[in-house]
Amino acid sequence: MEIRFSDALREHVHRMREWGCTEARPAGLEADRNAAPLPVNHPFFEKCLSSGRGRTSWRNADREESAGIPEGRLVRRVVLAEELAYWDRGIGVATPGVGLPESIVIGSGTEEQKERFLGPFVKPERPTWASFALTEPTGGSDTAAFRTRARRDGKHWVLNGAKCFIGNAGRAEWILVQATTDPGGGRAAQRAFFVEKGTPGIGGFRIEKKMGLRAYESTSFSLEECRVPADSLLGGEREEKKGGDAYRETMGNLNFNRAGVAANAIGIARAALDEAVGFARENDLLGNSHVRDRLEEASRKLRSAWLLVLKAAWLADQRRPNIIESSMCKVVAAETAQDIAAAGMEILGPVGGRGDHLIEKLYRDAKAMNIVEGTGQIQRMIVARQLVGLPR
Ligand SMILES: Cc1cc2nc3c(=O)[nH]c(=O)nc-3n(C[C@H](O)[C@H](O)[C@H](O)COP(=O)(O)OP(=O)(O)OC[C@H]3O[C@@H](n4cnc5c(N)ncnc54)[C@H](O)[C@@H]3O)c2cc1C
């Protein structure tokens, strides 16, 4: 494995850095101080569109594959995810676009579904979002136990249930909703359904309060006799008969996201380390060996965690199994971000604790990285089961 980034990627990172510094960080701080996500009509979102953000990679994916990307498509994505989160991870999610469900729809959607649901994101004329709803008020970790029910009724599916903490759900044009077609059927009965904005039966949208990542909305909603056409089933009618493979495919498409979230955590950790070093330098603390020890420990952990993230992405680019690495890197990167942000808080002392310094925001954002996309405990469980040869 050779770690060498192309000139094109370095240039891309440079552009991301400029945008992050001038646009993303100020927007993220504004949302954090207001303790509320940026409103849909915030000028930041229009600026995102005019700078080419918010577009799907769907039609480029094949082109990129054939053109070849020297460092690999997923390695490139984690490098950019890290840089973006350095400036503000919440803004990364708040930025218009398909977001979380994109890889799922590209991987499992029919051609008609890609055309219909990703098409509007090819060159959107206004800020547009989509959303993926897994988590329910009764729990988010045990994905096989979700209670939201999908019942077939002639040429429709009828959905009933509730979802919570769903990114961008209140502003999404469509939400990909995970539901069970048979409450006793476990994973084999889990399917995903497109529910478009304004469909009768979806409602009760309520934005949750969050300790971190406040720039984007996390929303609860309910589904009551929500009727969607039969072809709203992700993957089309053939999925109905597919048993456990449908669920495995949907979740498999999320495998990359774990490395992406881990890269985000690394970006937060690097920002926290920079704040700590900058503060120590400005306040003549570098002569203190205890402070130097903490900084050394932080940079060592940061570098090791980053190598694990790159390995997970590199394996995926080589089309080699990466379940262990992607779960491991998610655990290690999120814990590293929490450790480094905590060290930063300690080094900054009262300045950090005052509640208006970036380090304090990074400390809150870092904790959320341990929860999203599968908690640390769940990732460790996945690794342990793989090690002893149990099914996931
Ligand atoms: C900022 C933020 C954004 C989010 N965005 C989204 C989103 O866009 N879409 C979405 O669907 N969800 C989203 N979520 C929800 C997130 O995915 C869930 O919070 C997460 O999956 C954990 O579920 P839970 O909170 O219900 O905890 P539970 O599943 O109730 O678990 C509670 C605790 O028990 C632990 N635990 C559970 N089972 C086990 C086990 N078998 N062994 C050991 N420990 C266990 C968990 O690790 C956790 O610490 C978001 C959450 C946050 C905080």
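In this report, the structure presented in the accompanying data block is examined.

Looking now at a nonpolar patch on the surface. Side chains of L387, V388 and L390 sit close together on the surface and give an oily, nonpolar patch of about 320 Å² of accessible area. Mapped onto the elements of the fold, L387 is located in helix α13 (residues 376-387).

Turning to helix α6 (residues 111-118), a few remarks are in order. Along an α-helix, a turn takes 3.6 residues, which lines up residues three or four apart on a common side. Within the sequence span of α6, burial applies to Q113, K114, F117 and L118. Buried residues of α6, viewed axially, fall in a sector of 100 degrees; they line one side. Those residues of α6 that are exposed and angled more than 90 degrees off the buried face are E111 and E112.

The next thing to look at is the packing of helix α10 (residues 323-348) against helix α12 (residues 358-371). For the pair α10 and α12, the least separation of the axes is 8 Å and the interaxial angle reads 160 degrees. It follows that α10 is roughly antiparallel to α12 by the angle criterion. The two elements α10 and α12 cross, and the hand of that crossing is left-handed. Seen from α10, the contacting residues are K330, A334, A337, Q338, A341, A342, G344, M345 and L348; seen from α12, they are I359, E360, L362, Y363, A366, K367, M369, N370 and I371. By residue class, the composition of the contact of α10 with α12 is 12 nonpolar, three polar and three charged.

Packing of helix α9 (residues 289-317) against α10 brings their axes to within 9 Å, and their N-to-C directions diverge by 160 degrees. Taken as axis vectors, α9 and α10 run roughly antiparallel relative to one another. The way α9 lies across α10 gives a crossing that is left-handed. Only E325, S326, M328, C329, V332, A333, T336, D339, I340, A343, E346 and I347 of α10 make contact with α9, whose side of the interface consists of V291, R294, L295, A298, K301, L302, A305, L308, V309, K311, A312 and L315. Partitioning the contact of α9 with α10 into residue classes produces 16 nonpolar, two polar and six charged.

The next thing to look at is unusual backbone geometry. The residue D284 is not glycine, and still its phi comes out positive at about 55 degrees. In this fold, D284 is placed in the loop between α8 (255-282) and α9. Positive phi, normally seen in glycine, also occurs at E373, with a value near 60 degrees. Here E373 shows up in the loop between α12 and α13.

A few words on the packing of aromatic side chains. Each aromatic ring pair is summarised here by two numbers: the centre-to-centre distance and the angle between the ring planes. Counting across every chain of the model gives 10 aromatic pairs. For the ring pair F45 and W129, a centre distance of 5.1 Å and an interplane angle of 90 degrees mean the geometry is edge-to-face. Of the two residues, F45 is situated in helix α2 (residues 43-50) and W129 in strand β1 (residues 129-133); the sequence distance between them amounts to 84 residues. On the basis of relative accessible area, W129 is assigned to the buried category, the value being 1%.

Glancing now at helix α4 (residues 73-94). With 22 residues, α4 extends just 23 Å between its outermost C-alpha atoms, more than 12% less than the 32 Å of an ideal straight helix rising 1.5 Å per residue. Maximal helix bending in α4 amounts to about 115 degrees, located at D88. Burial analysis of α4 places 18 of its 22 residues in the buried class, the great majority of the element.

Conventions we followed
- Residues numbered from 1 in each chain as written.
- Predicted model: local features only at pLDDT ≥ 70, side-chain atom pairs only at ≥ 80, totals over all residues.
- Heavy atoms only, no water.
- Patch = residues over 30% accessible without salt bridge, like charges linked within 9 Å, V, L, I, M, F, W, Y side chains within 5 Å.
- Areas by Shrake-Rupley, 256 points an atom, 1.4 Å probe, with all protein chains shown as cover.
- Salt bridge = Lys/Arg side-chain N within 4 Å of Asp/Glu carboxyl O.
- Helix = DSSP H or I, 4+ residues; strand = E, 2+ residues; numbered from the N terminus.
- Buried < 20%, exposed > 50% of the residue type's maximum accessible area, 1.4 Å probe, protein only.
- Arc of directions from axis to C-beta.
- Axes fitted to C-alpha atoms, helices over the stretch in contact; angles between N-to-C directions.
- Parallel < 35°, antiparallel > 145°, perpendicular 65-115°, else oblique.
- Left-handed = near helix turned anticlockwise from the far one by under 90°.
- Contact = heavy atoms within 4.5 Å.
- Nonpolar A, V, L, I, M, F, W, Y, C, P; charged D, E, K, R; others polar.
- Phe/Tyr/Trp six-rings, centres within 6.5 Å; stacked < 30°, edge-to-face > 60°.
- Expected span 1.5 Å × (residues − 1).
- Bend = angle between axes of the 7 residues up to and from the residue.

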